[in-house]
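Chains, contacts and geometry: an overview
Read off the chains here:
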Amino acid sequence: MHKIIDYSGDVALHITSKNIESLIKEAIYGMLDYLVDENKNLKIETKKTLNYLIEGNIEDGIVDALNFFLKTFYIEKLIPYRIYIKKTNSGGFNIKAFMSEFRGNLKNYIKAATYCENKIIQNNDTLAFTVVFDV
Amino acid sequence: MFEIQKVTDFLYKIKTSTIDIEIYANESIFKKLQEDETLKQAFSITQMPGIKKIMLMSDAHQGYGFPIGSVAAFDYEEGVISPGGVGYDINCGVRAISIHAALDEIQRHAETILYALYSQIPKGAVSDKAIYYLNDKKIRQVTFEGAHFAIKNGFGEDHDLQAIEDNGRIEIAKDCLTKDALQRGKTELGSLGSGNHFLEIDKVEEIFDEQIASDFGIFLHYPVLLLHSGSRGLGHQIAIDYLRLFKDSTNSKKLSFPNKELTSLPFLDELAQSYFQAANQAANYAFANRQILGFRATEIIFNCIKKPINYTLIYDIVHNIAKIEQHSINGKNQKLIVHRKGATRAFYAKHQYLKNSRYFNIGHPILIPGTMGSSSYILVARDSDQTLNSICHGAGRVLGRRQAIKTLKNQDLITQLKQKGILLLGESKKSLLEEAPSAYKDIDTVIDIAEKANLAKKVAKLKPFMVIKG
C-alpha cells in the first residue's frame, strides 16, 4: 500500500508492506503513481531490462533506487512495468526491472527522492517507510 | 526546549552550545516556526563542524536538512560544504525585466500575450522541449560560460551581464559534471520547470524611492516581466549524485549527522571540491537558462504587440547556492562558505562584491516575488553586515501542497484572480491550487520584517496581471 502525504512545502510517499522485497517494489510503483498519469493507450513492450543492487543500509538503498529509476525515466523515457526483487547472499536486494517506453503525460514533477527521515518502522507484522520527495 | 531571547520586535535569538540561531520574524511568524521542525533543523546546523553563523529569514519554513529561508556560514578551513544546504534546485533564482511600453499597450494584447507565452515557453514537468538543444561539447560550454554562452548565441546583449549576480558566470576550475547530469541538461536549456516556477507580467504599482527605482529602470505603472527558474534536471541530478557520493564517503570515514540530508564534508576535501565545482557548473547552466527564457519571453511579447520595444534587464538574483565570501563576524574578518537555501544576497552600495555590477554605486536590486495573487517587491540593501548581506527570497509556504488542494478544492482560482484583474494559466487545476496565494505567508508582512529589521528598504511594489505557472 502507498499514499502521498504532505511534507512541509513538498510531499512524501508513505509505504506499508509485509516484507522488505514488497516494500521496495511498492516504493517504486508508488513513485510512478505520483509521477505519471494513467495512460489509456499504454502499450507495454520491453525496451530494456535493468538490474539495480541495494547493498548496505536498506533505507538509503531504497532512496538511491528511486533516484535511479527517476533519472532513467527523465533521460530515457523508460518506466519499469514489471519488477522482481531477490534477496542476495550478502543480504542485499537485487531489483530486476523490465522497462517500457512511456508515452503518456506526466502528472507531477519530482526533483529527487531525499534521505530525509528515511527510517523503516516495524509495527507488529507490518513495515512502514516514508520517502520525502523534493517537488 | 530552547532558550529564546527576543532581541527586538523583529529579531529573536536562540542560544546553543556553539552559536546563537538568529531568527528574523515577528511574533506571529516566530510562533508559526515553533509549530514544525524549522527550529530543530536550524539547531542541528549549529552542531556541524566549523559553523560560524546561522540565520532564519522572515520567509523561513521547514525543509529537509536545512530549513528553507536559511543562511548558514562555515569556516573556510575548518568548516564543511553540504549539498543539502544548497538544495536540489542549484542556483534557482529570479529575473526581472523592465518592458519599455505603456501598460495599456501590453494590457490591450493581454490574452494574446498570455497564450503565446504559454504555448511557446517550455514549462511544466517536461524534459525534452528546450529552446536550445545541446550536444556534449556545448553543454560543457554552457556550464563553463553561463549567461555568456546564451549571449554569444544571440539571446541578449553584453550589457545584460552587469545586471546578473556574479555577472552571469562563476569561474570553473575543472569539469566535475556527472554523466547523468550532463544527459539531463542536454534537452532542458531554456525551459521554465514546474512547481513554484513561474513567468509573469506585473505592473509597477507603487514606488517608494523614485531615484533608486529610476536607477534600476523601474517606472510607475510600467510593466515588468518576472521569471523564476533554476538549473533544471542538470542541477537536480548533481545534487542527487553528489549527496550519494558524500554519504558513501562519510560512511567510510564513520562520520555521522543528525539528519542524512545534512551530510557534508570538509570544504577542502577532494570530493567536496568536486561538488563545489559541479554545483557552480549547475549555477552557470541556470544563469544561461534564465538568460534564454527572459530573452525569448520579450521576443514573444514584441511579436504579439507587433512592434519592437526596448527593454532593460533589471537584475537576475539567486537564492539556492553556496559561495566563498569574506565577512566580518564579531569584528573579525573571516573567509566563509556561505550556504543560502531559499535566501538571497543583499549587497549595499560600494560593496566589494558589486565592483563589476552596474549597481556598484547604489546596491543591487533585491527581487522578492510574492504569489500569483499578491505583490512582489524590489528592495535595496541597507548599509549593514548583520546577516552576511542576506535576506529572504519569497513569501514562504504555510500550507502543504495536498493541504492546499484539499482546503481550496472548491475554489475557482482562475475566476477569482480574473476578478482581481489577473490572468492565469497553468498546467493543471491541481498545480495551480498547490501554488494558490493562501498557501503562502503574507508577502507584505515578510517584507515589513526585513525592512524594520533594517536589512533593506523598499524601492518598488509590483502587482501581477498575467501569470503562467510551470
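Residues numbered from 1 in each chain as written. Chains lettered and ligands numbered in written order. Predicted model: local features only at pLDDT ≥ 70, side-chain atom pairs only at ≥ 80, totals over all residues.

What follows is about the overall build of chain B. Along chain B, the regular secondary structure elements total 14 helices and 19 strands. Relative to the 2.2 N^0.38 estimate, which gives 23 Å for 470 residues, the radius of gyration of chain B is 21 Å and therefore close to what a compact globule would have. Projected onto its principal axes, the C-alpha coordinates of chain B cover approximately 60 × 50 × 50 Å. Residues counted as buried form 59% of the 470 residues belonging to chain B. Intrachain contacts of chain B at a sequence separation of at least 6 include 78% that bridge at least 24 residues. (Helix = DSSP H or I, 4+ residues; strand = E, 2+ residues; numbered from the N terminus. Rg over C-alpha atoms; globule rule 2.2 N^0.38 Å. Buried ≥ 20, exposed ≤ 12 C-beta atoms within 10 Å, placed from the backbone. Contact = placed C-beta atoms within 7 Å.)

What follows deals with the overall build of chain A. The helix and strand inventory of chain A stands at 2 helices and 8 strands. Listing every helix and strand of chain A by position from the N terminus yields β-β-α-β-α-β-β-β-β-β. Its C-alpha atoms put chain A at 40 × 40 × 25 Å along the principal axes. Relative to its full complement of 135 residues, chain A shows a buried share of 41%. Counted over contacts in chain A with a minimum sequence separation of 6, partners at least 24 positions apart contribute 66%.

Turning next to the interface of chain A and chain B. Taken together, the contact between chain A and chain B spans 23 residues of the former and 31 residues of the latter. At the level of secondary structure, the elements contributing two or more residues to the side of chain A that touches chain B comprise strand E1 (2-7), helix H2 (58-76) and strand E8 (126-134) of chain A. For the side of chain A that touches chain B, the leading source of residues is H2(A), giving 6 residues. Looking at the side of chain A that touches chain B residue by residue, the classes come out as 12 nonpolar, 5 polar and 6 charged. (Nonpolar A, V, L, I, M, F, W, Y, C, P; charged D, E, K, R; others polar.)

All names here are of chain B. Strands sit in the order E1-E2-E3-E4-E5-E13-E12 across an open sheet of 7 strands; the sheet is mixed. The open sheet has two edge strands, strand E1 (3-8) and strand E12 (320-329), and neither has a second partner. The sheet shows a mean angle of 25 degrees between the axes of neighbouring strands, direction not considered. The pairing of strand E5 (residues 66-75) with strand E13 (residues 332-341) spans 6 bridges and is antiparallel. Bridge pairing in E13 links Ala72 to His339. Helix H2 (residues 38-46) rests against strand E2 (11-15), strand E3 (21-24), strand E4 (51-64) and E5 of the sheet, and its axis sits at about 160 degrees to E4. (Pairing = 2+ DSSP bridges. Axes fitted to C-alpha atoms, helices over the stretch in contact; angles between N-to-C directions.)

Moving on, we come to the pairing of E13(B). One ladder, built from 10 bridges, connects E12(B) with E13(B); its direction is antiparallel. Each bridged residue has a counterpart across the sheet, and for Glu325(B) the counterpart in E13(B) is Leu336(B).

We now examine the environment of Asp383(B). By the secondary structure assignment, Asp383(B) is in the loop between strand E16 (376-381) and strand E17 (390-392). C-alpha separation for the pair Asp383(B) and Ala456(B), spaced 73 residues apart in sequence, amounts to 8.3 Å.

With that settled, consider the sheet that holds strand E4 (residues 78-87) of chain A. Strands in a sheet are paired, the pairing made by backbone hydrogen bonds, and the direction either parallel or antiparallel. Residues and elements named next belong to chain A. Ordered by their spatial adjacency, 3 strands build an open sheet running E3-E5-E4, and the pairing between neighbours is antiparallel. Only two strands of the sheet have a single neighbouring strand rather than two, namely strand E3 (46-54) and E4. The sheet shows a mean angle of 20 degrees between the axes of neighbouring strands, taken without regard to direction. When E3 meets strand E5 (residues 93-101), the two strands line up antiparallel, connected through 8 bridges. Looking at the pairing, Asn51 lines up with Lys96 of E5. Where helix H1 (residues 20-35) meets the sheet, it contacts E4 and E5, and its direction lies at approximately 170 degrees from that of E4. Taken strand by strand, H2 contacts E3, E4 and E5, and its axis lies near 155 degrees from that of E3.

Once that is clear, we can look at the nonpolar core. Judged by nonpolar contacts, the single largest core of 197 residues is most densely connected at Ala27(A), Leu66(A), Tyr24(B) and Ile366(B). If you tally residues by element for this core, the top one is helix H10 (residues 270-305) of chain B, at 16 residues. When neighbours within four sequence positions are excluded, Ala27(A) is seen to be in contact with Leu13(A), Ile15(A), Ile62(A), Leu66(A), Phe129(A) and Val131(A). (Core = buried A, V, L, I, M, F, W, Y, C linked by C-beta atoms within 7 Å.)

Let's shift gears to the packing of helix H5 (residues 136-145) of chain B against H10(B). Residue and element names in this part refer to chain B. For the pair H5 and H10, interaxial distance at closest approach is 6 Å and the crossing angle is 95 degrees. One element, H5, and the other, H10, form an angle in the roughly perpendicular class. Contacts from Val142, Thr143, Phe144 and Glu145 in H5 reach Gln281, Asn284, Tyr285 and Ala288 in H10. Class assignment for the residues of the contact of H5 with H10 results in 4 nonpolar, 3 polar and 1 charged. (Parallel < 35°, antiparallel > 145°, perpendicular 65-115°, else oblique.)

Not every positive phi belongs to a glycine, and Ser8(A) is a case in point at roughly 50 degrees. With respect to the helices and strands, the residue Ser8(A) is situated in the loop between E1 and strand E2 (10-17). Residue Ser8(A) is classed as buried on the basis of its C-beta count, with 22 C-beta atoms lying within 10 Å. Even without being a glycine, Asn389(B) presents a positive backbone phi close to 55 degrees. With respect to the helices and strands, the residue Asn389(B) is situated in the loop between E16 and E17.

It is worth stressing that arrangement in space is one thing and function is another; only the former is reported here.
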